[in-house]
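Residue strings, one per chain:
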Amino acid sequence: MSDRFEAYDEHDEDPDKGTGDDIEERSTPVGSSGHGSERGSGDGTDDGDGDNPSGRPDQPPRIPLPRASVEDTGRPLPELDELPPPAPLVLEHQVLKSLLGAWALAACSAEETAAVEDHLGDCGSCAEEALRLRGAVGLLQRPESLDLDPGLRTRVLDSCLERRPPRIPIPKWALPYDAETARLDALLQDFGDAEWHAPVRLRWFDADEATSRRTTVAGVMAHLLSVDGLVAVALGLDDPMGEIPADAPTPAGRTEAYWRASHFPPTRSVRTPWREQSHDLVRTVSFTGGTTGKLAVPYGDFSLPLHDAMLDRAFECWVHAEDIADAVDYPYEPPSPRHLNRMIDLAARMLPAVLADRRQKGLAAPAHGRHLVPAGMPGRTLRLEIEGHGGGEWLIPLDSPAALGSAEHEVAHVALDGVEFCRLAAGHVPPAEAAAGQVGDREAIRDVLYAAASMSRM
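The rules behind these values
Residues numbered from 1 in each chain as written. Predicted model: local features only at pLDDT ≥ 70, side-chain atom pairs only at ≥ 80, totals over all residues. Heavy atoms only, no water. Pairing = 2+ DSSP bridges. Helix = DSSP H or I, 4+ residues; strand = E, 2+ residues; numbered from the N terminus. Axes fitted to C-alpha atoms, helices over the stretch in contact; angles between N-to-C directions. Contact = heavy atoms within 4.5 Å. Buried < 20%, exposed > 50% of the residue type's maximum accessible area, 1.4 Å probe, protein only. Disulfide = S-S within 2.5 Å. Salt bridge = Lys/Arg side-chain N within 4 Å of Asp/Glu carboxyl O. Expected span 1.5 Å × (residues − 1). Core = buried A, V, L, I, M, F, W, Y, C linked by side-chain atoms within 4.5 Å.

A. Structural view of the sheet that holds strand E8 (residues 437–440). On the basis of which strands lie adjacent, the open sheet formed by four strands has the order E6-E5-E7-E8 and mixed pairing. Of all the strands in the sheet, the pair left with one neighbour each is strand E6 (392–397) and E8. With direction set aside, neighbouring strand axes in the sheet form an average angle of 15 degrees. Across the sheet, helix H15 (residues 442–454) touches strand E5 (381–387), strand E7 (410–417) and E8, and the angle it forms with E8 is around 135 degrees.

B. A look at the pairing of E5. Of all seven residues that make up E5, five are buried, and the element is covered over most of its length. Where E5 and E6 come together, six bridges link them in antiparallel fashion. Bridge assignment links Ile 386 to a residue of E6, and that residue is Gly 392. The antiparallel hairpin formed by E5 and E6 contains four residues in its connecting segment, where Gly 388 sits at a positive phi of about 85 degrees.

C. View of the state of the cysteines. Under the definition given, this model contains zero disulfides. Between Cys 126, a cysteine without a disulfide, and Cys 123, which holds the nearest cysteine sulfur, the sulfur-to-sulfur distance is 3.6 Å.

D. Looking closely at the pattern of salt bridges. Counted by the stated rule, this structure contains 23 salt bridges. Measuring nitrogen to oxygen at the nearest pair gives 3.2 Å for the salt bridge that ties Asp 357 to Lys 361. With a relative accessible area of 59%, Lys 361 lands in the exposed category. The closest approach of N and O atoms between Arg 380 and Asp 441, which form a salt bridge, is 3.5 Å. Here Asp 441 lies in the loop between E8 and H15 and Arg 380 lies in the loop between helix H13 (337–360) and E5, a separation of 61 residues in the sequence. Accessibility expressed as a relative area gives 28% for Asp 441, which makes it partly exposed.

E. Structural view of helix H12 (residues 306–327). Over its 22 residues, H12 runs 31 Å from end to end, which matches the ideal 32 Å to within 8%, given 1.5 Å per residue. Judged by how many residues are buried, H12 sits mostly within the fold: 19 of 22 residues are covered. Looking one or two places after H12, you find Asp 329, whose phi comes out positive at around 60 degrees.

F. Local environment of the nonpolar core. Ranked by internal contacts, the top residues of the largest apolar core, which has 83 residues, are Leu 184, Leu 384 and Phe 421. If you look at the next biggest cluster of nonpolar residues, it comprises twelve residues, including Leu 99, Ala 104, Ala 115 and Leu 120.

G. The environment of Thr 381, seen in detail. Tracing the sequence through the fold places Thr 381 in strand E5. Taking the C-alpha atoms as reference points, Thr 381 and Pro 397, separated by 16 residues in sequence, lie 4.6 Å from one another.

H. Spotlight on helix H7 (residues 175–188). For H7, which comprises 14 residues, the first-to-last C-alpha distance of 20 Å matches the rise-based estimate of 20 Å (1.5 Å per residue) to within 8%. By the criterion of burial, H7 is predominantly enclosed, with twelve of the 14 residues buried. All buried positions along H7 are accounted for by Pro 176, Tyr 177, Asp 178, Ala 179, Glu 180, Thr 181, Ala 182, Arg 183, Leu 184, Asp 185, Leu 187 and Leu 188.

I. Representation of the environment of Met 350 in the model. Along the chain, Met 350 turns up in helix H13. Judged by relative accessible area, which is 24%, Met 350 ranks as partly exposed. Separated by 105 residues in the primary sequence, Met 350 and Met 455 have C-alpha atoms spaced 8.6 Å apart. Among all residues touching Met 350, those that are not within four sequence positions of it are Leu 304 and Met 455.

J. A look at the side chain of Ser 406. With respect to the helices and strands, Ser 406 occurs in the loop between E6 and E7. In contact with Ser 406, other than residues within four places in its own chain, are Pro 378, Thr 381 and Leu 395.

Structure (structure tokens):
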């Protein structure tokens, strides 16, 4: 039948082509002697061995048997001739110069790359241009962190806790501290001796002047351990300072005392007590059921409620984690938007009291339009708009911490990025360079920006 499926062999597409020997070899069935008289009966019928005895075009051609591999015969494999290396490209100076951009982007072929790099060893002007282009390529894309997305841990935990609520939940105000200590611990886990002794410069603002202190990665962890100890003591836990006397019960005083008491510079051994203490803090506030949130935590010259102190410790953990990451040249992402928003909210709530304190010390400019109002009444207000992840709007009373921020009494408006505002509050950004946009009373804006920077400390 003409419409049935027929076996096909590309070698037999045209039987009239090729030598006679080839045709005879392809049409000889297995076991035959190869003579034409023994190929079949000549009646055009197939004898069942897949042969086409009559050679008629309306019959299916014979399907060839599979060929045996030389590896199955036991014979030695043929020797492979080694290919000669490709001849190097010989290109003119102008052509090689035009390839520098592609070379900097790693877009050249292997031969072009070899030719360009050969040329750079002989041509000083091209070598300088190549160096500039390589530097520019590094600015096109910031290095990607190998760490997981900071928000991934929170999302996974939320998903798990929706299915099975915890028997002893962590208070919401302690979650940022739990997350940031876990992220910093993950950064530290693969550090070798060189990383632990890498130099770090702690930066903050003191009396409106940028201040810094040089230490090491291990020294930063000793600082976090000693300052977290303020919260531990307030909760009735062991003080990591032990019997070490501090000149002042402030974060700086405790840190300086801890550093002085160390016979040798702090090493990787400081990581274990810091991590155990962070676990103890989270565990303790969880077991209290969050009822200790208003417990006062003294910082020496001021106090914070426990729920704000835990946010403060989460904020400082993130800031110093960035300091450590910069010291070892490793990218580090900001906190998740939810936790970043809580940190920004803490700084915004502290601004009115900081403004009042600076005004008493003569550090804030006297406000010509200052108007004192009874506690809880609206007064002059600055609108703080935080953009990006974790952002929002806060109304900051300018004349008294007891006054109420009011949109009707707004005299200034400042807009900043969320991470930029946190770095301003950490003393890592000069106040004059922090604002992305500002409208209104210039003195009020300056006071608020400098008050934010003055919240920083070692």
